[in-house]
Amino acid sequence: MWSYDDLVIFLRVMQEGNFANTAKKLNVPASTISRRITKLECALKTKLIKRNTRKFQVTNSGMTLFGQCMPLIESLERTLNATSASSDVIGGKLTITAPIFLAQELLSEWFIEFQLAHPQVELNVYTDNRMRDLFTEEVDLAIRIGPLEDSNLIAQRLWDIKIMVYASQAYLDSHHPIENPGDLYGHAALFFRSKNEQWVFQDKETEDVKSIKLESRLHINDIRTVVKAMQAGLGLACLPQFAIDKCASILEQGSPVVPILQNYTVLPERSLHVVYQDGKYLSKNAKVFIEFLRKKFNELT
(Lines give C-alpha, C1' and ligand atoms only; values in the text may rest on other atoms or scores of the structure.)
Protein backbone atom coordinates (compact mmCIF):
# COMPACT_ATOMS: atom_id res chain seq x y z
CA MET A 1 0.00 0.00 0.00
CA TRP A 2 1.43 3.37 -0.98
CA SER A 3 2.00 6.07 1.65
CA TYR A 4 0.88 9.68 1.43
CA ASP A 5 4.18 10.76 3.01
CA ASP A 6 6.16 8.86 0.39
CA LEU A 7 4.14 10.53 -2.36
CA VAL A 8 4.81 13.98 -0.91
CA ILE A 9 8.55 13.21 -0.74
CA PHE A 10 8.48 12.17 -4.40
CA LEU A 11 6.75 15.42 -5.35
CA ARG A 12 9.31 17.44 -3.37
CA VAL A 13 12.14 15.60 -5.15
CA MET A 14 10.56 16.50 -8.47
CA GLN A 15 10.34 20.14 -7.43
CA GLU A 16 13.91 20.31 -6.14
CA GLY A 17 15.43 18.33 -9.02
CA ASN A 18 17.59 16.02 -6.91
CA PHE A 19 17.73 14.05 -3.68
CA ALA A 20 20.37 16.18 -1.94
CA ASN A 21 18.38 19.44 -2.04
CA THR A 22 15.22 17.64 -0.95
CA ALA A 23 17.06 16.07 1.98
CA LYS A 24 18.28 19.52 3.12
CA LYS A 25 14.80 21.03 2.87
CA LEU A 26 13.22 18.17 4.84
CA ASN A 27 16.18 17.91 7.22
CA VAL A 28 16.65 14.17 6.68
CA PRO A 29 19.52 12.11 5.20
CA ALA A 30 19.61 11.70 1.41
CA SER A 31 19.58 7.94 1.96
CA THR A 32 16.16 8.29 3.63
CA ILE A 33 14.82 10.14 0.59
CA SER A 34 16.10 7.41 -1.72
CA ARG A 35 14.64 4.67 0.47
CA ARG A 36 11.19 6.34 0.57
CA ILE A 37 11.14 6.75 -3.22
CA THR A 38 12.02 3.09 -3.62
CA LYS A 39 9.22 2.17 -1.23
CA LEU A 40 6.73 4.19 -3.28
CA GLU A 41 7.91 2.56 -6.50
CA CYS A 42 7.46 -0.88 -4.98
CA ALA A 43 3.94 0.01 -3.83
CA LEU A 44 3.01 1.32 -7.30
CA LYS A 45 4.96 -1.44 -9.07
CA THR A 46 6.60 0.97 -11.47
CA LYS A 47 9.85 2.91 -11.78
CA LEU A 48 9.44 6.64 -11.16
CA ILE A 49 13.02 7.93 -11.16
CA LYS A 50 16.13 6.37 -12.71
CA ARG A 51 19.11 7.43 -10.63
CA ASN A 52 22.75 6.63 -9.97
CA THR A 53 25.70 8.63 -8.71
CA ARG A 54 25.68 10.80 -11.83
CA LYS A 55 22.17 10.70 -13.30
CA PHE A 56 18.66 11.69 -12.21
CA GLN A 57 16.09 10.82 -14.87
CA VAL A 58 12.31 10.86 -14.42
CA THR A 59 10.40 8.09 -16.18
CA ASN A 60 7.16 8.61 -18.10
CA SER A 61 5.29 7.11 -15.14
CA GLY A 62 7.02 9.56 -12.82
CA MET A 63 6.11 12.55 -15.01
CA THR A 64 2.49 11.37 -15.21
CA LEU A 65 2.26 10.91 -11.43
CA PHE A 66 3.81 14.32 -10.79
CA GLY A 67 1.60 16.10 -13.31
CA GLN A 68 -1.62 14.63 -11.93
CA CYS A 69 -0.85 14.60 -8.20
CA MET A 70 0.93 17.91 -7.70
CA PRO A 71 -2.18 20.09 -8.32
CA LEU A 72 -4.19 17.85 -6.00
CA ILE A 73 -1.63 18.07 -3.18
CA GLU A 74 -1.36 21.85 -3.60
CA SER A 75 -5.15 22.16 -3.41
CA LEU A 76 -5.25 19.93 -0.34
CA GLU A 77 -2.54 22.00 1.38
CA ARG A 78 -4.42 25.23 0.64
CA THR A 79 -7.59 23.74 2.13
CA LEU A 80 -5.78 22.52 5.24
CA ASN A 81 -4.03 25.86 5.72
CA ALA A 82 -7.33 27.72 5.33
CA THR A 83 -9.02 25.41 7.83
CA SER A 84 -6.21 25.92 10.35
CA ALA A 85 -6.26 29.69 9.84
CA SER A 86 -10.05 29.87 10.27
CA SER A 87 -9.75 28.46 13.81
CA ASP A 88 -7.71 31.55 14.70
CA VAL A 89 -10.12 34.07 13.18
CA ILE A 90 -13.06 35.44 15.15
CA GLY A 91 -16.42 35.14 13.42
CA GLY A 92 -19.33 32.75 12.94
CA LYS A 93 -21.53 31.13 15.57
CA LEU A 94 -20.88 30.99 19.31
CA THR A 95 -23.46 29.19 21.48
CA ILE A 96 -23.56 29.85 25.23
CA THR A 97 -25.79 28.65 28.05
CA ALA A 98 -26.13 30.31 31.47
CA PRO A 99 -28.42 30.20 34.54
CA ILE A 100 -31.46 32.47 34.22
CA PHE A 101 -30.87 34.81 37.17
CA LEU A 102 -27.18 35.18 36.45
CA ALA A 103 -27.85 35.92 32.79
CA GLN A 104 -30.60 38.43 33.51
CA GLU A 105 -28.96 40.30 36.36
CA LEU A 106 -25.26 40.18 35.50
CA LEU A 107 -24.41 38.75 32.11
CA SER A 108 -27.05 40.30 29.85
CA GLU A 109 -25.29 43.65 29.53
CA TRP A 110 -21.99 41.86 28.92
CA PHE A 111 -23.52 39.77 26.13
CA ILE A 112 -24.64 42.99 24.45
CA GLU A 113 -21.25 44.63 24.99
CA PHE A 114 -19.45 41.62 23.48
CA GLN A 115 -21.78 41.56 20.47
CA LEU A 116 -21.21 45.27 19.84
CA ALA A 117 -17.44 44.76 20.00
CA HIS A 118 -17.56 41.67 17.74
CA PRO A 119 -20.43 42.07 15.24
CA GLN A 120 -18.96 39.28 13.08
CA VAL A 121 -19.89 36.74 15.79
CA GLU A 122 -23.35 35.19 15.74
CA LEU A 123 -24.03 34.97 19.47
CA ASN A 124 -26.65 32.41 20.56
CA VAL A 125 -27.46 32.51 24.28
CA TYR A 126 -29.73 30.02 26.07
CA THR A 127 -30.76 30.97 29.60
CA ASP A 128 -32.22 28.20 31.75
CA ASN A 129 -31.47 26.39 34.97
CA ARG A 130 -31.13 22.89 33.55
CA MET A 131 -27.79 21.26 32.85
CA ARG A 132 -27.61 21.19 29.06
CA ASP A 133 -25.59 18.50 27.30
CA LEU A 134 -22.86 20.45 25.51
CA PHE A 135 -22.25 17.73 22.92
CA THR A 136 -25.77 16.76 21.84
CA GLU A 137 -27.08 20.35 22.02
CA GLU A 138 -24.02 21.83 20.26
CA VAL A 139 -23.18 24.28 23.05
CA ASP A 140 -19.73 25.88 22.87
CA LEU A 141 -19.57 27.33 26.39
CA ALA A 142 -21.62 26.78 29.54
CA ILE A 143 -21.49 29.17 32.48
CA ARG A 144 -22.11 27.15 35.64
CA ILE A 145 -21.91 27.53 39.38
CA GLY A 146 -19.80 24.87 41.10
CA PRO A 147 -18.49 22.77 42.69
CA LEU A 148 -19.03 20.89 39.45
CA GLU A 149 -19.70 17.19 39.01
CA ASP A 150 -16.82 15.10 37.72
CA SER A 151 -16.99 14.86 33.94
CA ASN A 152 -14.92 14.93 30.78
CA LEU A 153 -15.58 18.66 30.46
CA ILE A 154 -12.95 21.32 31.04
CA ALA A 155 -13.74 24.11 33.52
CA GLN A 156 -12.10 27.46 34.10
CA ARG A 157 -12.89 29.33 37.31
CA LEU A 158 -14.09 32.89 36.72
CA TRP A 159 -15.36 34.20 40.04
CA ASP A 160 -15.78 33.12 43.67
CA ILE A 161 -19.34 33.31 44.96
CA LYS A 162 -20.05 34.04 48.62
CA ILE A 163 -23.05 32.10 49.97
CA MET A 164 -24.81 33.20 53.15
CA VAL A 165 -28.01 32.56 55.06
CA TYR A 166 -30.43 35.48 55.03
CA ALA A 167 -33.66 36.41 56.77
CA SER A 168 -35.88 39.44 57.05
CA GLN A 169 -35.40 41.48 60.18
CA ALA A 170 -39.13 41.16 60.90
CA TYR A 171 -38.83 37.36 60.81
CA LEU A 172 -35.82 37.39 63.16
CA ASP A 173 -37.60 39.72 65.58
CA SER A 174 -40.54 37.33 65.88
CA HIS A 175 -38.60 34.04 66.24
CA HIS A 176 -36.05 32.62 68.63
CA PRO A 177 -32.51 33.98 68.09
CA ILE A 178 -29.99 32.29 65.80
CA GLU A 179 -26.41 32.36 67.09
CA ASN A 180 -25.08 29.05 65.75
CA PRO A 181 -26.22 26.47 63.17
CA GLY A 182 -27.95 24.35 65.80
CA ASP A 183 -30.34 27.24 66.45
CA LEU A 184 -31.74 26.82 62.93
CA TYR A 185 -33.83 23.83 63.99
CA GLY A 186 -37.44 24.88 64.30
CA HIS A 187 -37.08 27.61 61.71
CA ALA A 188 -38.68 27.47 58.27
CA ALA A 189 -36.47 27.40 55.22
CA LEU A 190 -36.99 28.57 51.65
CA PHE A 191 -35.20 26.33 49.17
CA PHE A 192 -33.91 27.32 45.77
CA ARG A 193 -34.36 24.41 43.30
CA SER A 194 -34.20 21.39 45.61
CA LYS A 195 -36.85 20.12 48.02
CA ASN A 196 -34.24 18.43 50.23
CA GLU A 197 -31.41 20.86 50.76
CA GLN A 198 -28.91 20.25 53.51
CA TRP A 199 -27.05 23.29 54.79
CA VAL A 200 -23.45 22.70 55.89
CA PHE A 201 -21.56 25.21 58.02
CA GLN A 202 -17.91 25.49 59.02
CA ASP A 203 -16.92 27.57 62.02
CA LYS A 204 -14.39 30.15 60.77
CA GLU A 205 -12.45 29.97 64.04
CA THR A 206 -12.51 26.30 65.04
CA GLU A 207 -13.15 24.87 61.53
CA ASP A 208 -15.75 22.52 63.03
CA VAL A 209 -18.36 21.42 60.48
CA LYS A 210 -22.07 20.95 61.16
CA SER A 211 -24.84 19.83 58.79
CA ILE A 212 -28.41 21.03 59.22
CA LYS A 213 -31.51 19.67 57.50
CA LEU A 214 -34.54 21.95 57.73
CA GLU A 215 -38.18 21.74 56.75
CA SER A 216 -39.04 23.73 53.64
CA ARG A 217 -42.14 25.91 53.38
CA LEU A 218 -41.35 26.81 49.77
CA HIS A 219 -39.04 25.46 47.09
CA ILE A 220 -38.76 27.22 43.74
CA ASN A 221 -36.12 27.64 41.04
CA ASP A 222 -36.50 31.41 40.84
CA ILE A 223 -34.24 33.47 43.09
CA ARG A 224 -36.36 36.62 42.94
CA THR A 225 -39.41 34.76 44.25
CA VAL A 226 -37.32 33.23 47.05
CA VAL A 227 -36.11 36.71 48.03
CA LYS A 228 -39.67 38.08 47.99
CA ALA A 229 -40.89 35.19 50.15
CA MET A 230 -38.01 35.67 52.57
CA GLN A 231 -38.76 39.38 52.92
CA ALA A 232 -42.41 38.53 53.51
CA GLY A 233 -41.34 36.49 56.54
CA LEU A 234 -41.87 32.96 55.21
CA GLY A 235 -38.47 31.78 56.39
CA LEU A 236 -34.69 31.69 55.91
CA ALA A 237 -32.86 31.35 52.59
CA CYS A 238 -29.32 30.30 51.70
CA LEU A 239 -28.36 32.42 48.69
CA PRO A 240 -25.41 34.02 46.88
CA GLN A 241 -24.57 37.49 48.18
CA PHE A 242 -24.57 38.90 44.65
CA ALA A 243 -28.19 37.70 44.24
CA ILE A 244 -29.25 39.72 47.28
CA ASP A 245 -27.36 42.73 45.93
CA LYS A 246 -29.09 42.39 42.55
CA CYS A 247 -32.50 42.22 44.23
CA ALA A 248 -31.98 45.63 45.85
CA SER A 249 -35.00 47.09 44.05
CA ILE A 250 -37.24 44.39 45.58
CA LEU A 251 -35.81 45.01 49.05
CA GLU A 252 -36.19 48.79 49.03
CA GLN A 253 -39.61 48.49 50.66
CA GLY A 254 -40.68 46.34 53.57
CA SER A 255 -38.56 44.67 56.20
CA PRO A 256 -34.81 44.74 55.52
CA VAL A 257 -33.07 41.45 54.71
CA VAL A 258 -29.94 40.71 56.74
CA PRO A 259 -27.29 37.95 56.77
CA ILE A 260 -27.01 35.65 59.78
CA LEU A 261 -24.36 33.24 61.08
CA GLN A 262 -21.58 35.41 59.66
CA ASN A 263 -18.99 33.58 61.81
CA TYR A 264 -19.59 30.49 59.65
CA THR A 265 -18.75 29.57 56.07
CA VAL A 266 -21.45 27.83 54.07
CA LEU A 267 -20.09 24.67 52.45
CA PRO A 268 -19.31 23.69 49.81
CA GLU A 269 -17.75 26.97 48.77
CA ARG A 270 -18.89 27.89 45.29
CA SER A 271 -17.33 29.45 42.22
CA LEU A 272 -18.56 30.44 38.82
CA HIS A 273 -16.98 28.50 35.95
CA VAL A 274 -17.00 28.54 32.19
CA VAL A 275 -17.20 24.95 30.95
CA TYR A 276 -16.45 23.51 27.52
CA GLN A 277 -15.66 20.23 25.81
CA ASP A 278 -12.13 20.44 24.45
CA GLY A 279 -9.54 23.06 25.32
CA LYS A 280 -7.00 21.90 22.74
CA TYR A 281 -9.16 22.95 19.81
CA LEU A 282 -11.20 25.73 21.40
CA SER A 283 -12.42 28.16 18.75
CA LYS A 284 -11.15 31.71 18.55
CA ASN A 285 -14.69 32.93 19.32
CA ALA A 286 -14.73 30.94 22.56
CA LYS A 287 -11.22 32.02 23.57
CA VAL A 288 -12.00 35.71 23.02
CA PHE A 289 -15.29 35.43 24.94
CA ILE A 290 -13.62 33.68 27.90
CA GLU A 291 -10.98 36.42 28.09
CA PHE A 292 -13.75 39.00 27.87
CA LEU A 293 -15.55 37.36 30.81
CA ARG A 294 -12.35 37.22 32.85
CA LYS A 295 -11.83 40.93 32.38
CA LYS A 296 -15.43 41.75 33.38
CA PHE A 297 -15.32 39.57 36.51
CA ASN A 298 -11.94 40.99 37.51
CA GLU A 299 -13.55 44.43 37.41
CA LEU A 300 -16.13 43.24 39.96
CA THR A 301 -13.53 42.22 42.56
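Going by the structure above, here's the rest.
Residues numbered from 1 in each chain as written. Predicted model: local features only at pLDDT ≥ 70, side-chain atom pairs only at ≥ 80, totals over all residues. Heavy atoms only, no water.

### A look at the overall build of the chain
And step 1. Tallying secondary structure elements over the chain gives ten helices and 15 strands in all.
And step 2. At 32 Å, the chain has a C-alpha radius of gyration far larger than the 19 Å of a compact globule built from 301 residues.
And step 3. Along the three orthogonal principal directions, the C-alpha set of the chain runs to about 105 × 40 × 30 Å.
And step 4. Out of the 301 residues in the chain, the part that is buried amounts to 39%.
And step 5. Here the contacts in the chain between residues at least 6 apart in sequence split such that 74% fall between residues at least 24 apart.
And step 6. For the chain, the accessible area works out to roughly 17600 Å², and carbon and sulfur atoms hold 49% of it.
And step 7. Both charge centroids of the chain, one from 35 positive and one from 35 negative side chains, sit 15 Å from each other. (Helix = DSSP H or I, 4+ residues; strand = E, 2+ residues; numbered from the N terminus. Rg over C-alpha atoms; globule rule 2.2 N^0.38 Å. Buried < 20%, exposed > 50% of the residue type's maximum accessible area, 1.4 Å probe, protein only. Contact = heavy atoms within 4.5 Å. Areas by Shrake-Rupley, 256 points an atom, 1.4 Å probe, with all protein chains shown as cover. Lys, Arg positive; Asp, Glu negative; His and termini not counted. Charge placed at Lys NZ, Arg CZ, Asp CG, Glu CD.)

### What about helix H2 (residues 19-26)?
And step 1. Buried within H2 are the following residues: Phe19, Thr22 and Ala23. Within H2, the buried residues cover an arc of 100° as seen down the axis, which keeps them to one side. Away from its buried face by more than 90 degrees, H2 exposes Lys24 and Lys25.
And step 2. Backbone nitrogen of Ala20 and a side-chain oxygen of the N-cap are separated by 3.2 Å at the start of H2; the cap is Asn18.
And step 3. Asn27 sits one or two positions beyond H2 and adopts a positive phi of about 60°. (Arc of directions from axis to C-beta. Polar contact = N/O pair within 3.5 Å; in protein donor to acceptor, adjacent residues only side chain to side chain.)

### Focus on the sheet that holds strand E12 (residues 236-240)
By way of backbone hydrogen bonds, the strands of a sheet pair with one another, either parallel or antiparallel.
And step 1. If you walk across this open sheet you meet the five strands as E11-E8-E12-E7-E13, and the pairing is mixed. Two strands bound the open sheet, and with one partner strand each, they are strand E11 (216-220) and strand E13 (257-260). Along the sheet, successive strands turn relative to each other by an average axial angle of 35°, direction set aside.
And step 2. In this sheet, E12 lies alongside strand E8 (residues 189-192) in parallel orientation, the contact comprising two bridges. Bridging across to E12, Ala189 finds its partner in Leu236.
And step 3. Sheet strands touched by helix H7 (residues 223-231): strand E7 (163-168), E8, E11, E12 and E13. Its angle to E8, the strand with the most contacts, is close to 175°. (Pairing = 2+ DSSP bridges. Axes fitted to C-alpha atoms, helices over the stretch in contact; angles between N-to-C directions.)

### A look at the sheet that holds strand E14 (residues 264-267)
And step 1. Sheet architecture is open: three strands sit in the order E10-E9-E14, paired in antiparallel fashion. Single-partner strands in this sheet number two, and they are strand E10 (209-213) and E14. Strand-to-strand, the axes of this sheet are offset by a mean angle of 30°, without reference to chain direction.
And step 2. Relative to E14, strand E9 (residues 198-203) is paired through four bridges, and the arrangement is antiparallel. Paired with Val200 across the bridge in E14 is Leu267.

### Points about the pairing of E9
Looking along a regular strand, one sees side chains alternate from face to face of the sheet.
And step 1. Both E9 and E10 contribute to a ladder of five bridges, which runs antiparallel. Bridge pairing in E10 places Val200 opposite Ser211.
And step 2. Once E9 ends, the chain turns through five residues before running back antiparallel as E10, passing Glu207 with a positive phi of about 65°.

### Considering helix H3 (residues 30-44)
And step 1. When the terminal C-alpha atoms of H3 are compared, their 21 Å separation across 15 residues agrees well with the 21 Å that a helix rising 1.5 Å per residue should span.
And step 2. Buried within H3 we find Thr32, Ile33, Ile37, Leu40 and Glu41.
And step 3. Following H3 by one or two positions, Lys45 adopts a phi angle in the positive range, close to 60°. (Expected span 1.5 Å × (residues − 1).)

### Focus: the packing of aromatic side chains
And step 1. Throughout the structure, instances matching the rule amount to nine aromatic pairs.
And step 2. For the ring pair Phe191 and Trp199, a centre distance of 6.0 Å and an interplane angle of 65° mean the geometry is edge-to-face.
And step 3. Assessed through its relative accessible area of 1%, Phe191 is described here as buried.
And step 4. Trp199 sits in the buried class, given a relative accessible area of 3%. (Phe/Tyr/Trp six-rings, centres within 6.5 Å; stacked < 30°, edge-to-face > 60°.)

### Thoughts on the pattern of salt bridges
And step 1. On inspection of all chains with the given rule, the structure shows eleven salt bridges.
And step 2. The partner of Arg132 in a salt bridge is Glu137, with the nearest N and O atoms 2.5 Å apart.
And step 3. Here Arg157 ties to Asp160 by a salt bridge, and the two come within 3.1 Å at their closest N and O atoms.
And step 4. Arg157 sits in the partly exposed class, given a relative accessible area of 45%.
And step 5. Salt bridges sharing partners connect three or more residues here, namely Asp128, Arg130, Arg132 and Glu137. (Salt bridge = Lys/Arg side-chain N within 4 Å of Asp/Glu carboxyl O.)

### Focus: the packing of helix H1 (residues 4-16) against H2
And step 1. Contact geometry of H1 with H2 gives a least axis separation of 8 Å together with a crossing angle of 120°. By the angle class used here, H1 and H2 are oblique. Handedness of the crossing formed by H1 with H2: right-handed. Facing H1, whose interface residues are Ile9, Arg12, Val13 and Glu16, H2 presents Phe19, Asn21, Thr22, Lys25 and Leu26.
And step 2. The class makeup of the residues in the contact of H1 with H2 is four nonpolar, two polar and three charged. (Parallel < 35°, antiparallel > 145°, perpendicular 65-115°, else oblique. Left-handed = near helix turned anticlockwise from the far one by under 90°. Nonpolar A, V, L, I, M, F, W, Y, C, P; charged D, E, K, R; others polar.)

By themselves these figures say nothing about function.
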